[in-house]
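# A closer look at the structure
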Amino acid sequence: MPLVDMRDMLFHAYRNGYAIGAFDLVSLDFLEGILQAAERQQSPVILSLAESHFDHYNFAYLMAATVAAARSAQVPVAIHLDHGTEIESVVRAIRLGCNGVMLDASHLPYEDNVRLTREVVHLAHACGIPVEGELGYVAGVEGEDAQKHPGNLIYTSPEEARRFVAETQVDFLAVSIGTVHGRLKGTPQLDIPRLQAIHQQVDLPLVIHGGTGLTDAQYRQLIDHGVAKINYYTALSEAAANQIQENGRHQPRSYTDWLQGVRPAIQREVEARMQLWGSSGKAEEVLARCKRWREVEHVVEFNVDASMEEAQVLEMMRRGRPLLEAIPGVRRVFTGKSLTPGGRFRYCWIIRFAHSEVIASYRDHPDHQQFADTEFRPIAGDRLTIDFEELD
Ligand code: 13P
């Protein structure tokens, strides 16, 4: 299960002078192309899903595939929510299996950015999950011609960066130093002295959004000054689109023929980035140094008084399920009835937590306390509760 703690992963890159690609994926072709590249390059990788793309795919379906693929990968993987727009997006992303999150409040005034980011940090850290904050504004939209979304790029101020990190306790900081999302005509001009000044103020992995379209030398300068995560999408989208256009020259008759070669095209582009950014060949070391990402099963087995109607018990569990499922860090709630005649316990809850930190935050959550105290415990005096952490 090479899902690993994203904080450990990025700090490894940060301390060892290389950067890990966070590649946004929008389909299974992207997912497979990116992972095949990582395995061929023996590189750690971040599978990133951006909320701005959710109109193009069903987030829950693609997350199910992403988690399954990450778990069977031979290299260290983290799964990240990119540019979440609200707290609910973050809760949902954690429920679906993201182990790193970003809520992008960078377009808001500084105080509002701090307030919202802090809220996310509080929530995510209670689930063991690291948070990326953004300060300054990187204009544009992933995968689109940047000139269409000129916006006003706002550069990150080094002094504000120091305050922002102290006030929010983010784990990684995305900075604005001249990149844009999408493709610009010409090469972006980067403010490297500004990056250097930010790096002197904050000692944590820096993140660059708008990773497409820089020169090899610019990428190296970024990494030299603390950048450990580079977000990358537009060039992958272009590689896929170019391949489809090329296929069109042969007038394909089927959908699968139109998509021939898309996955390898994405894979080639990702492999080139991994080589350039220095993450190639780091998989083994990262696996040895970083904590594995382990989920927890919170198992509650119970009996009720013999006088109690079964329908009442089932109704209590039916009411509890959505309530408990909504608590941050809960990934799934299973309610069950024993199939073993005369077994020690007749009913169970099996609640999957994203991480062992959720044991405490779930226990103390007001919705859990209210439900347990008023609906569950009064009828389930005979019960056994155990938390099991996943093994390799
Ligand atoms: P590009 O689309 O410019 O590669 O940027 C991707 C990105 O920053 C996603 O957050």
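Higher on the page you've got the structure.
Below, the structure is looked at part by part.

Cut-offs used in this document
- Residues numbered from 1 in each chain as written.
- Predicted model: local features only at pLDDT ≥ 70, side-chain atom pairs only at ≥ 80, totals over all residues.
- Heavy atoms only, no water.
- Helix = DSSP H or I, 4+ residues; strand = E, 2+ residues; numbered from the N terminus.
- Contact = heavy atoms within 4.5 Å.
- Areas by Shrake-Rupley, 256 points an atom, 1.4 Å probe, with all protein chains shown as cover.
- Phe/Tyr/Trp six-rings, centres within 6.5 Å; stacked < 30°, edge-to-face > 60°.
- Buried < 20%, exposed > 50% of the residue type's maximum accessible area, 1.4 Å probe, protein only.
- Lys NZ or Arg CZ within 6 Å of the ring centre and 35° of its normal.
- Axes fitted to C-alpha atoms, helices over the stretch in contact; angles between N-to-C directions.
- Parallel < 35°, antiparallel > 145°, perpendicular 65-115°, else oblique.
- Left-handed = near helix turned anticlockwise from the far one by under 90°.
- Nonpolar A, V, L, I, M, F, W, Y, C, P; charged D, E, K, R; others polar.
- Near = heavy atom within 4 Å.
- Polar contact = N/O pair within 3.5 Å; in protein donor to acceptor, adjacent residues only side chain to side chain.
- Salt bridge = Lys/Arg side-chain N within 4 Å of Asp/Glu carboxyl O.
- Pairing = 2+ DSSP bridges.
- Expected span 1.5 Å × (residues − 1).
- Right-handed = clockwise from strand over helix to strand, strands pointing away.

Looking only at helices and strands, the chain features 15 helices and 12 strands. C-alpha extents for the chain along the principal axes are approximately 75 × 55 × 40 Å. Of all intrachain contacts in the chain linking residues separated by at least 6 positions in sequence, the fraction that spans at least 24 positions is 74%. When the accessible surface of the chain is split by element, carbon and sulfur atoms take 48% of a total near 17400 Å².

This part is about the packing of aromatic side chains. When we look at a pair of aromatic rings, we describe it by the centre distance and by the angle of the planes. Enumeration over the complete set of coordinates arrives at 14 aromatic pairs. Their ring planes at 50 degrees and their centres at 4.9 Å tell us that phenylalanine 353 and tyrosine 362 sit as a pair that is tilted. Overall, the relative accessible area of 0% leaves phenylalanine 353 in the buried class. Taken together, the ring pairs in this structure connect Phe302, Tyr347, Trp349, Phe371 and Phe376 into an aromatic cluster. The ring centre of phenylalanine 345 lies 4.3 Å from the NZ or CZ of arginine 344, which sits over that ring.

Direction vectors running N to C along helix α2 (residues 28–41) and helix α11 (residues 262–277) enclose 45 degrees, while the axes themselves pass 8 Å from each other. Taken together, the axis directions place α2 and α11 in an arrangement best described as oblique. The interaxial crossing formed by α2 with α11 has right-handed handedness. Residues Asp29, Phe30, Glu32, Gly33, Ile34, Gln36, Ala37, Ala38, Arg40 and Gln41 of α2 form the contact with α11, whose own contacting residues are Val262, Arg263, Ile266, Gln267, Val270, Glu271, Met274 and Gln275. For the contact of α2 with α11, the residue count by class is eight nonpolar, five polar and five charged.

Here we come to the site of the ligand. Around the ligand, 16 residues are found, and the nearest of them are Asp82, Gly210, Thr212, Tyr233 and Thr234. The contact in question runs from an oxygen atom of the ligand to an N or O atom on the backbone of glycine 182, over 3.1 Å. Between an oxygen atom of the ligand and a side-chain N or O atom of threonine 212, the distance comes to 2.5 Å. Considering the ligand on its own, with 310 Å² of exposed area, one finds that the protein chains cover 100% of that surface. For the shell around the ligand, the secondary-structure elements that each account for two or more residues are β3 (77–84) and β8 (227–232). Looking at the shell around the ligand residue by residue, the class counts come to three nonpolar, 10 polar and three charged.

Another point: the pattern of salt bridges. Under the defined criterion, the tally for this structure stands at 28 salt bridges. When salt bridges that share partners are traced, they join Arg71, Glu295, Arg331 and Glu390 into one network.

Turning to the sheet that holds strand β5 (residues 131–135), a few remarks are in order. Read once around its circumference, the closed barrel built from eight strands follows the order β1-β2-β3-β4-β5-β6-β7-β8, with strand pairing classed as parallel. Across the sheet, the axes of successive neighbouring strands diverge by a mean angle of 25 degrees, strand direction being ignored. Taken together, the three bridges between β3 and strand β4 (residues 100–103) define a ladder with parallel strand orientation. Directly across from leucine 81, in β4, lies its bridge partner valine 101. In the packing of helix α1 (residues 6–15) onto the sheet, the strands contacted are β1 (20–24), β2 (45–50), β3, β4, β6 (172–175) and β8, and the crossing angle to β8 comes to about 115 degrees.

Turning to the packing of helix α6 (residues 158–168) against helix α7 (residues 192–201), a few remarks are in order. Interaxial distance between α6 and α7 falls to 8 Å at its minimum, and their mutual angle equals 35 degrees. Considering the relative orientation of α6 and α7, their crossing is right-handed. Contacts between α6 and α7 pair Pro158, Glu159, Ala161 and Arg162 from the former with Arg194, Ala197, Ile198 and Gln201 from the latter. Per-class residue counts for the contact of α6 with α7 are four nonpolar, one polar and three charged.

Moving on, we get to helix α5 (residues 110–125). Given a rise of 1.5 Å per residue, 16 residues ought to cover 22 Å, and the 22 Å separating the end C-alpha atoms of α5 matches this to within 8%. Buried within α5 are the following residues: Tyr110, Asn113, Val114, Leu116, Thr117, Val120, Val121, Leu123 and Ala124. Each element contacted by the buried residues of α5 is listed here: α4 (87–96), β4, β5 and α6.

Attention now moves to the pairing of β4. Residues Gly100 and Met102 line one face of β4 and the alternating positions Val101 and Leu103 line the opposite face, and both faces are buried. Traced from β3 through α4 to β4, the parallel crossover comes out right-handed. Pairing of β4 with β5, which is carried by two bridges, proceeds in the parallel orientation. In the sheet register, methionine 102 faces β5, and the bridge partner there is glutamate 132. This β-α-β element, β4 to α5 to β5, shows right-handed connectivity.

Here we take up the sheet that holds strand β12 (residues 382–389). An order of β10-β11-β9-β12 is seen for the four strands of this open sheet, with the pairing classed as antiparallel. Since the sheet does not close on itself, it has two edges, and those belong to β10 (330–337) and β12, each with one partner. This sheet shows a mean twist of 15 degrees between the axes of neighbouring strands, independent of strand direction. Inspection of the sheet shows β10 paired to strand β11 (residues 347–353) by seven bridges, in the antiparallel sense. Note on β11: the bridge partner recorded for glycine 336 is cysteine 348.

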